[in-house]
Amino acid sequence: GLGALLAKGIAMALVLPNCVPVPFGRLWPLPRLKHSSPEGLVRCHVFGARNLFGARTLCCSLRLGTQSWRSAEVESATGEFQWDQYTTFVVDFKTQQEVVVALHERQTFGSVQVTD
């Protein structure tokens, strides 16, 4: 009835839309918004890890700037782990970026970093 109609009218007046178009050309010059061309690509091949006794299930993570990648989890009772997986990162500034490699052991309540 009238209460539902009144509640709907108030809700429409108080709720902001979740998408608002912003004309960037007026707020910020368009040439400054463009991203510079990347300097290249880095193709990483994660082969495996050896001599990691005590670890049962590992995964490998790679990070380059804000980009990250995580391998599948691999189990091993011998301390030798094999992934044979590939990933590719976009390099923006080759003199200022480095690939960070870490191994993580799966735990019951999270992930423990094994090496840097």
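Conventions we followed
- Residues numbered from 1 in each chain as written.
- Predicted model: local features only at pLDDT ≥ 70, side-chain atom pairs only at ≥ 80, totals over all residues.
- Heavy atoms only, no water.
- Phe/Tyr/Trp six-rings, centres within 6.5 Å; stacked < 30°, edge-to-face > 60°.
- Buried < 20%, exposed > 50% of the residue type's maximum accessible area, 1.4 Å probe, protein only.
- Core = buried A, V, L, I, M, F, W, Y, C linked by side-chain atoms within 4.5 Å.
- Helix = DSSP H or I, 4+ residues; strand = E, 2+ residues; numbered from the N terminus.
- Contact = heavy atoms within 4.5 Å.
- Pairing = 2+ DSSP bridges.
- Polar contact = N/O pair within 3.5 Å; in protein donor to acceptor, adjacent residues only side chain to side chain.
- pLDDT = per-residue confidence, 0-100.

1. Section: the packing of aromatic side chains
- The final tally for this structure, using the stated rule, is one aromatic pair.
- Taken together, a centroid distance of 6.4 Å and an interplanar angle of 20° make the contact between phenylalanine 81 and tryptophan 83 stacked. Exposure class is identical for phenylalanine 81 and tryptophan 83. Each is buried.

2. Some points on the nonpolar core
- Grouped together as the largest cluster of nonpolar side chains are 16 residues, with contacts concentrated most on Leu62, Phe81 and Trp83.
- The set of elements that each furnish at least two residues to this core consists of β1 (40–49), β2 (57–64) and β5 (81–91).
- Not counting the four nearest positions on each side in its chain, phenylalanine 81 is found in contact with Phe47, Gly48, Ala49, Leu52, Ala55, Arg56, Thr57, Leu58, Val74, Glu75 and Ser76.

3. Description of the pairing of β2
- Here β2 lies mainly inside the structure; seven of its eight residues are buried.
- Across two bridges, β2 lies against strand β4 (residues 74–75) in antiparallel orientation. The residue of β4 that forms the bridge with leucine 58 is valine 74.
- Alignment of β2 against strand β3 (residues 67–70), held across four bridges, turns out to be antiparallel. The partner of serine 61 across the bridge, within β3, is arginine 70.
- Joining the antiparallel neighbours β2 and β3 is a turn of two residues, in which glycine 65 adopts a positive phi near 65°.

4. Topic: the environment of histidine 45
- With respect to the secondary-structure elements, histidine 45 resides in strand β1.
- For histidine 45, a relative accessible area of 24% puts it in the partly exposed group.
- Along the primary structure histidine 45 and threonine 87 are separated by 42 residues, whereas in three dimensions their C-alpha atoms are 6.7 Å apart.
- Ignoring any residue separated from it by four or fewer positions in sequence, one finds histidine 45 in contact with Asp84, Gln85 and Tyr86.
- A polar contact is formed between the side chain of histidine 45 and the side chain of aspartate 84, at a distance of 2.6 Å.
- Side-chain polar atoms of histidine 45 contact the side chain of tyrosine 86, separated by 3.2 Å.

5. Some remarks on the confidence of the model for the protein
- When pLDDT is averaged along the protein, the result is 79; 70% of the residues meet or exceed 70.
- Highest mean pLDDT in the protein belongs to β3 (94); lowest belongs to strand β7 (residues 110–115) (58).

6. Concerning unusual backbone geometry
- Although it is not a glycine, asparagine 51 adopts a positive phi angle of roughly 60°.
- Take asparagine 51: it is sitting in the loop between β1 and β2.
- With a relative accessible area of 56%, asparagine 51 lands in the exposed category.
- Even without being glycine, aspartate 84 reaches a positive phi, approximately 55°.

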